[in-house]
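Each chain is listed here by its residues.
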Amino acid sequence: MALSLQRYTWSDFDSGVNHFLKLRSKKQREKSALLAIAIKNGDRLPENLMIEILSWLPVKELLQFKTVCKAWNSIISSPQFISRHLKNNRRLDDNCLLAQYYVTHAELQLFELLVDETPRVLAYEVLYSMPMYGAYVCGPCDGLYYLYEYDFSGRALWNPTINELKLLPQIIEKSDPPPNTTPAKNEVYGFGSDPLTGDYKVAVIKGYWSTNDEDVSYPLSVFVYSLRTNSWKYCGDLTREYDLASNKCYIFVKGCCFWLGSSSQDGENSGEVIVSFDMASDSFQEISVPNYQQPASKCLGIYDDSLAFISVHDDEKTLDLWTLNDGIWTKKFGIGPFPDVWNPIGHWKDNKLILECEERKLVLCDPNTQEIKDLAFHQDMSCQGIFAYMESLVTLKDKTESKAGEEEVKGDAGQA
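None of these values were measured; they are calculated from a predicted model.

Colleague: Looking at this model, I keep getting lost on the overall build of the protein chain. Mind explaining?
Modeller: Helix and strand counts for the protein chain stand at six helices and 25 strands. Burial analysis of the protein chain (416 residues in total) assigns 51% to the buried set. Excluding contacts between residues fewer than 6 apart, the proportion of contacts in the protein chain whose partners are at least 24 apart in sequence is 52%. When the accessible surface of the protein chain is summed, it comes to about 20300 Å², and 48% of that surface belongs to carbon and sulfur atoms.

Right under this line is the structure:
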């Protein structure tokens with residue numbers, strides 16, 4: 001099911017809703033003007049100008065335009081146009097968030113939040129009809145998301161904008177698993193793109209449970225999926241024992257995924273660490289955490305296009321943020337106190353931070369002004385993660401599927 005803000009309706013258009021709709025109407029008018037130019041002058045405009053106009057339009061209109069003529073279908077389907085459209089969409093303000101809440105390991109709810117410029121959540125909807133309902137979510141990378149089902153170990157890549165879902169093949173376990181063990185269902189994962197080849201990859205780190213009820217630790221195994229080959233490969237075991245946590249926000253920076261956790265050697269805890277995975281080299285690296293004040297709630301995020309470490313101190317309720325560049329942690333700021341805030345969730349646009357309060361409500365923090373604004377959205381459940389929504393034309397189909405789809409579109413256009 002493609003996400004669309006047009007699904008939202010309100011019975012009472014109060015002043016707040018009208019204000020928000022007026023703010024959005026300017027952007028819609030601009031898109032409508034581009035749309036009119038594209039339709040009326042499609043045969044008279046230079047091709048490069050025509051492509052530029054099309055590249056700023058919403059995905060929904062572009063999918064309809066593919067049926068106008070063979071030339072437009074060819075343009076919109078080309079990798080060059082998809083890349084240009086993706087680049088232009090990154091510049092546009094997107095006020096849509098996906099918020100995932102934890103019910104049980106096997107049941108999660110994904111909410112679509114429409115945030116206005118106050119900011120506050122103006123409307124929300126539970127995505128009951130999303131494919132693989134209840135799956136964990138990771139993304140977006142170029143508008144794509146990775147989905148993982150805890151109970152059945154089902155995995156998929158999903159582009160909600162064009163309503164494409166690609167089920168991933170089953171992971172082939174390593175040939176020599178530890179004796180008397182079974183693969184654990186709980187795992188950490190990362191999703192991103194190889195900066196050298198453009199291939200989309202999923203990294204899964206999973207361990208093993210003893211079938212003899214023994215308290216024994218086993219090395220974590222690493223598996224990597226490639227969309228280009230549509231296959232998994234076993235990349236070996238991590239050299240140390242790690243207890244890693246899944247990220248509550250999408251963490252993919254400069255070609256690498258990151259996880260926060262702790263390490264141990266021979267059963268002895270060695271302290272907190274960050275583990276990174278390089279999508280280009282399929283290699284891991286261990287990174288020390290900054291020297292932050294403990295005890296604290298903490299998470300990883302992105303700030304100034306760099307990996308960020310965010311902590312909220314349990315006692316003072318102050319918030320500190322560090323960024324990592326060239327292997328060195330630099331403290332960017334310490335702000336607060338914020339008495340009601342107890343858990344950092346992650347980052348959003350314009351370097352703003354999303355935090356969770358003791359009443360489980362979500363708030364948005366602007367580090368520059370130290371303003372805390374209530375998003376007016378909360379659940380009784382635990383927030384599992386916050387993810388941005390991004391429109392994208394990136395397809396998950398292989399070349400054979402894409403060619404068949406293009407022939408179908410051309411046939412429809414010929415009949416029209």
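The discussion continues.
Colleague: I tried to follow empty space enclosed by the protein on my own but got confused; where do I start?
Modeller: Under the criterion given, the structure shown has two cavities of 30 Å³ or more. There is about 80 Å³ of room inside the largest cavity. Forming the walls of the largest cavity are Cys138, Tyr189, Gly190, Ser246, Asn247, Cys249, Tyr250, Ile251, Cys257, Phe258, Trp259 and Phe387. Mapped by element, the contributors of at least two residues to the lining of the largest cavity are strand 8 (181-193) and strand 14 (256-265). Take the lining of the largest cavity: its biggest share by element is three residues, from strand 14. For the lining of the largest cavity, the class distribution of residues is nine nonpolar, three polar and no charged. Taken as a whole, the second largest cavity encloses approximately 40 Å³ of empty space.

Colleague: Would you explain helix 2 (residues 47-54) in this entry?
Modeller: Since the α-helix packs 3.6 residues into each turn, any two residues three or four apart lie on the same face. All of the buried residues in helix 2 are Met50, Ile51, Ile53 and Leu54. Seen end-on, helix 2 carries its buried residues on one side only, within an arc spanning 160°.

Colleague: Even after reading the chapter, I still don't get the pattern of salt bridges, so can you show me in this structure?
Modeller: All told, the structure shown has 14 salt bridges when counted by the stated rule. Its salt-bridge partner being Lys298, residue Glu272 comes within 2.9 Å of it at the nearest N-O pair. Taken together, the residues Glu272 in strand 15 (residues 268-278) and Lys298 in strand 17 (residues 296-303) connect sequence positions 26 residues apart. Residue Asp320 pairs with Lys331 through a salt bridge whose shortest N-O separation is 3.5 Å. Separated by 11 residues along the polypeptide, Asp320 in strand 19 (residues 319-325) and Lys331 in strand 20 (residues 328-335) bring together distant segments of the chain. Classification of Asp320 as buried rests on a relative accessible area of 7%. It is possible to trace a salt-bridge network through shared partners that takes in Asp194, Lys201, Lys233 and Asp282.

Colleague: Help me understand the pairing of strand 24 (residues 371-378) in this model?
Modeller: The side chains of a regular strand alternate, residue by residue, between the two faces of the sheet. Sheet topology note: the strand 23 (residues 361-366)/strand 24 ladder contains five bridges and is antiparallel. Looking at the pairing, Lys361 lines up with His378 of strand 24. In this structure, the hairpin formed by strand 23 and strand 24 is closed by a connection of four residues, where Gln370 is found at a positive phi of approximately 60°.

Colleague: Would you mind going over the side chain of Ser311 with me for this structure?
Modeller: Residue position: Ser311 is located in strand 18 (residues 306-313). Excluding residues that lie within four positions of it along the chain, Ser311 makes contacts with Tyr292, Ala296, Ser297, Lys298, Thr318, Leu319, Asp320 and Trp322.

Colleague: Even after reading the chapter, I still don't get the sheet that holds strand 19, so can you show me in this structure?
Modeller: In space, the four strands of this open sheet follow the order 17-18-19-20, with antiparallel pairing throughout. Taken across any chain shown, the strands that pair with only one partner, and hence form the sheet edges, are strand 17 and strand 20. Across the sheet, the mean angle from the axis of one strand to that of its neighbour is 25°, orientation sign disregarded.

Colleague: So what exactly am I meant to see when it comes to helix 5 (residues 79-91) here?
Modeller: The terminal C-alpha atoms of helix 5 lie 19 Å apart, and with 13 residues this matches the ideal 18 Å at 1.5 Å per residue to within 8%. Listed as buried for helix 5 are Phe81, Ile82, His85, Leu86, Asn88 and Asn89. One side of helix 5 holds all its buried residues, which, seen down the axis, span an arc of 170°. Exposed and oriented more than 90 degrees from the buried face of helix 5 are Pro79, Gln80, Arg90 and Arg91. The inward-facing, buried residues of helix 5 abut helix 2, helix 3 (59-65) and helix 4 (70-77).

Definitions and cut-offs
- Residues numbered from 1 in each chain as written.
- Predicted model: local features only at pLDDT ≥ 70, side-chain atom pairs only at ≥ 80, totals over all residues.
- Heavy atoms only, no water.
- Helix = DSSP H or I, 4+ residues; strand = E, 2+ residues; numbered from the N terminus.
- Buried < 20%, exposed > 50% of the residue type's maximum accessible area, 1.4 Å probe, protein only.
- Contact = heavy atoms within 4.5 Å.
- Areas by Shrake-Rupley, 256 points an atom, 1.4 Å probe, with all protein chains shown as cover.
- 1 Å grid on protein atoms, 1.4 Å probe; cavity = no way out; pocket = protein on both sides within 12 Å on 5 of 7 lines; lining within 4 Å.
- Points joined across faces, edges and corners; volume = space filled by probe spheres on them.
- Nonpolar A, V, L, I, M, F, W, Y, C, P; charged D, E, K, R; others polar.
- Arc of directions from axis to C-beta.
- Salt bridge = Lys/Arg side-chain N within 4 Å of Asp/Glu carboxyl O.
- Pairing = 2+ DSSP bridges.
- Axes fitted to C-alpha atoms, helices over the stretch in contact; angles between N-to-C directions.
- Expected span 1.5 Å × (residues − 1).

From the geometry alone we can't say anything about function, so treat these as descriptive.
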